[in-house]
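Geometric and topological summary
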Amino acid sequence: MTYPPPSEWQDPARSDPSSAPPLDPTRSMADPPVPAQPTGSDPYAPSPEQPAADPYAVPAYTVPAYPASGHPPAGYAAPAGYPPPGGYPPYPYPPARPTNSLALVSLILSVLGVTSCITAPIGAILGHVARRQIRERGEDGDGLAKAGIIVGWVLTGLIGLAIVAYVLFIVFMVSQTSSTY
């Protein structure tokens, strides 16, 4: 079963140009036609007298004639863009800043506070001292000092809570045993 096409629908198979859609869909059928492209010689084409220049060609450089020794004569200046006779000077890197050793010690002592309870607060205090030294001397190691402070005080707090819980447990057990007599 076939349906008849709607009245506004245009059959692309028809060869009637008046019913064909425009080539540019943004233009209407009533717009004037687009003028034809100009014909003739290409104004950008190279002329026979002057061949086209290669845009990727490297400009030629003539190497100066050196004496038999192979070294340039005295007073010779290297052409622009070429390194000096001894090569490029080394790039001056800034000197490496030393790491504050107290910051490293504070982190080590803070981490050791897990096994030995006394070194965690010592590590935290050394971390504070190390941060002051880093500010004064301009050294590296501020991250190590901060880590030592944080780990040291957190472990000190946990150790303090564990001691309080242990004391409360002992008090609770003593109060339970004394009431049975």
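Structure report, in brief. From a predicted model like this one, the values you see are computed outputs, not experimental measurements.

Considerations on the overall build of the protein chain
A tally of regular secondary structure across the protein chain gives three helices and zero strands. Reading the protein chain from its N end, one meets helices and strands in the order α-α-α. For the protein chain, with 181 residues in total, the buried portion stands at 12%. Look at the contacts in the protein chain between residues 6 or more apart in sequence, and 51% of them connect residues 24 or more apart. Looking at the protein chain as shown, the accessible area adds up to about 15,000 Å², and 67% of this sits on carbon and sulfur atoms.

Some words on the side chain of Ser106
Following the sequence through the fold, Ser106 ends up in helix H1 (residues 101-112). Looking at Ser106, its side chain comes within polar contact range of the main-chain oxygen of Ala103, at 2.8 Å. In this view, Ser106 contacts Gly123, Leu126, Gly127, Leu144, Ala145 and Gly148; residues no more than four positions away in its chain are not counted.

Brief notes about helix H2 (residues 119-137)
With 19 residues, H2 extends 26 Å between its outermost C-alpha atoms, agreeing within 8% with the 27 Å of an ideal straight helix rising 1.5 Å per residue. The set of residues buried in H2 consists of Thr119, Ala120, Gly123, Ala124, Gly127, Ala130, Gln133 and Ile134. Phi turns positive one or two residues past the end of H2, at Gly138, with a value near 70°.

A short note on the pattern of salt bridges
Taken as a whole, this structure holds four salt bridges when the rule is applied. Asp140 is paired through a salt bridge with Arg97; the nearest N and O atoms lie 2.3 Å apart. Here Asp140 is found in the loop between H2 and helix H3 (142-178), whereas its partner Arg97 is found in the segment before H1, with 43 residues between them in sequence. A relative accessible area of 30% places Asp140 in the partly exposed class. Of the charged contacts in the structure, one is a salt bridge between Asp142 and Arg131, with a shortest N-O distance of 3.0 Å. Linking Asp142 in helix H3 with Arg131 in helix H2, this pair joins segments that are eleven residues apart in sequence. Judged by its relative accessible area of 26%, Asp142 is partly exposed. Where salt bridges share partners, they join Arg131, Asp142 and Lys146 into one cluster.

Some remarks on the environment of Asn100
Counting through the fold element by element, Asn100 comes out in the segment before H1. Residue Asn100 is classed as buried on the basis of its relative accessible area, which comes to 2%. A C-alpha to C-alpha distance of 9.4 Å links Asn100 and Gly138, two positions 38 residues apart in sequence. Apart from residues no more than four positions distant in its own chain, Asn100 is found in contact with Ala130, Gln133, Ile134, Glu139 and Asp140. A distance of 3.2 Å separates a polar atom in the side chain of Asn100 from a polar atom in the side chain of Gln133.

Conventions used here
Residues numbered from 1 in each chain as written. Predicted model: local features only at pLDDT ≥ 70, side-chain atom pairs only at ≥ 80, totals over all residues. Heavy atoms only, no water. Helix = DSSP H or I, 4+ residues; strand = E, 2+ residues; numbered from the N terminus. Buried < 20%, exposed > 50% of the residue type's maximum accessible area, 1.4 Å probe, protein only. Contact = heavy atoms within 4.5 Å. Areas by Shrake-Rupley, 256 points an atom, 1.4 Å probe, with all protein chains shown as cover. Polar contact = N/O pair within 3.5 Å; in protein donor to acceptor, adjacent residues only side chain to side chain. Expected span 1.5 Å × (residues − 1). Salt bridge = Lys/Arg side-chain N within 4 Å of Asp/Glu carboxyl O.

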